[in-house]
Amino acid sequence: MNDNRETLGSLIKKGNKSSGSAAIGNTCIAVVKGVAFAVTGSGSMFATMMHSIADAVNQMFVFSGSVLAEKRPTRRFPDGFGRVINLFCMVAVIVVTIMAYETMLEGWHLLQHPNTESKGYWINVLVLVLSIATDGFVWVKAMNEVLHDARVEAKGFGKFAASLRNVKRAAPPTRLVFYEDMVATSGGLLALIAVLVTALTDFKLLDGVSSILISFMMVGVAFRVGYDNMVGLIGVAAPPEIEERVSQIIFDEPLVTDIYQLRILQEGRYYHVEGLIELKRGMTLADADDIKFKVRDKLLADPYISDVTLGILEDNGVRNWVPQQE
């Protein structure tokens, strides 16, 4: 009984930290936004509230999936549970799409029947400033997770461009948090502008327009994350950078002359490596086995490589290894 609890605790510790912290933050923000919407009736506040609710539900759901994905392979599931997180993310996409639809309906309603009252707009301003700061903080944490997963170093404002370039190499839950909080931060800024403009001018339609724009951004996140995770469920080859790193580890062994075949499959944030390596001629079978196990152990030392299956061949005198292109 205690072993099960310890195992569950260890799995939770390995769960995606970005989605876990984001779920807690967005739950608090959603409650505050709900109170502000009830007091002011702002359509922009409703849109960002719906987005925060969607984010909170998704990120808690995805965090749970990331915990299950860390479960070790079993006899029945020898390849492990890495793709479970892709399934959880696909369900999260459905939640985002539903919330986007509701937000779009509210925006359309406000275009037809603009809210002419601007009472309590300062409440919305305070809540949105708080929301932007919180979402921005979570987004920066997601950027750091992306760079960590991609093994890329960047500082200051360079993190923004570097994380955008490398977000596809991050774990599925990290990608979800990155995209959602990018939209949440930009959507919060858009809502803040709409609240100020509708409160201080006669242009009341901006409230509905901003709600519809935010709903379109939510749909964009749904399609982007949905596509990435659909590919992950099917099974996708590792990026060229990962293949290059794996091949470099293999060729670091002096007695390896070539890579006859190499297949690296990405599941969640982990990689499965299968390959045939060529060794120098004249080696005994025992020595060749020693080299194979030595290379395997070096590959398994990488925390993101979950399993390695290697075969050995005698050097055929022909260069077979051709790295994949971007």
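What this report covers is the structure whose coordinates are included nearby. Starting from 1, residues in each chain are numbered consecutively following that chain's sequence as written. In keeping with the predicted nature of the model, local features appear solely for residues at pLDDT of at least 70, side-chain atom pairs appear and are counted solely at 80 or more, and the whole-chain, interface and lining totals rest on all residues. Computation of side-chain values: all heavy atoms of the structure, hydrogens and water removed.

Quick word on helix H2 (residues 17-40)
The condition is simple: Counting from the N terminus, the helices are DSSP H or I runs at least four residues long and the strands are E runs at least two residues long. The span you would expect from a helix comes to 1.5 Å times its residue count less one.
Look at H2: 34 Å from first C-alpha to last across 24 residues, which is about the 34 Å you get at 1.5 Å a residue. Where H2 terminates, the next one or two residues include Gly41, which has phi positive at roughly 70°.

Some words on the nonpolar core
This is how it is decided: Take the buried Ala, Val, Leu, Ile, Met, Phe, Trp, Tyr and Cys residues and link them wherever side-chain atoms come within 4.5 Å; each set so joined is a nonpolar core. Only protein chains enter the accessibility calculation, which uses a 1.4 Å probe; a residue is then buried when its area is under 20% of its type maximum, exposed when over 50%, and partly exposed in between. The contact criterion used throughout is that any non-hydrogen atoms of two residues lie within 4.5 Å.
One finds Val62, Leu128, Phe178, Tyr179, Met218 and Val225 to be the most contacted residues of the largest nonpolar core, which totals 41 residues. Only H2, helix H3 (43-69), helix H4 (84-112), helix H5 (121-150), helix H7 (172-200) and helix H8 (206-234) provide two or more residues apiece to this core. By residue number, the principal contributor to this core is H5, which donates nine residues. What Leu128 contacts, discounting residues up to four positions off in sequence, is Met45, Thr48, Gly188, Ala191, Leu192 and Val195. Grouped together as the second largest cluster of nonpolar side chains are 22 residues, Ile250, Ile264, Tyr304 and Trp321 included.

Some words on a nonpolar patch on the surface
Basically, it comes down to this: Patch membership is restricted to residues that have no salt bridge and whose relative accessible area is over 30%. Joining uses 9 Å for like charges and 5 Å for the nonpolar side chains Val, Leu, Ile, Met, Phe, Trp and Tyr. Accessible surface is estimated by sampling points in the Shrake-Rupley manner with a 1.4 Å probe; for residues, cover comes only from the protein chains shown. Salt bridge criterion: a side-chain nitrogen from Lys or Arg within 4 Å of a carboxyl oxygen from Asp or Glu.
Among the surface-exposed residues, Tyr121, Trp122, Leu126, Leu196 and Leu200 lie close enough to one another that they form a single nonpolar patch of about 530 Å² accessible area. Those elements that provide at least two residues to the nonpolar patch are H5 and H7.

A look at the packing of aromatic side chains
Going by this rule: Working definition: rings of Phe, Tyr and Trp (its six-membered ring) pair if their centres are within 6.5 Å, and the pair is stacked with planes under 30 degrees apart, edge-to-face with planes over 60 apart, and tilted otherwise.
Tallied over the entire structure, the rule returns four aromatic pairs. Ring centres of Phe37 and Phe46 lie 5.1 Å apart, and the angle between their planes is 50°; on these two criteria the pair is classed as tilted. A relative accessible area of 22% places Phe37 in the partly exposed class. According to the relative accessible area criterion, Phe46 is buried, its value standing at 13%.

Some words on the sheet that holds strand S4 (residues 305-314)
To keep it simple, the criterion reads: When DSSP locates at least two bridges between a pair of strands, those strands are taken to pair. To get an axis, fit a line to the C-alpha atoms, keeping to the stretch in contact for a helix; angles then go from 0 to 180 degrees between the N-to-C directions.
Across the sheet, which stays open at both edges, the four strands sit in the order S1-S2-S3-S4 with mixed pairing between neighbours. Each edge of the open sheet carries a strand with a single partner, namely strand S1 (236-237) and S4. Taken strand by strand, helix H9 (residues 240-251) contacts strand S2 (256-267), strand S3 (270-279) and S4, and its axis lies near 145° from that of S2.

A few points about the side chain of Thr103
Turning to its location among the elements, Thr103 is positioned in helix H4. Beyond its immediate chain neighbours, meaning those up to four positions away, Thr103 contacts Phe46, Ala47, Met50, Ser211, Ser215 and Met218.

Nothing here speaks to function; it is all geometry.
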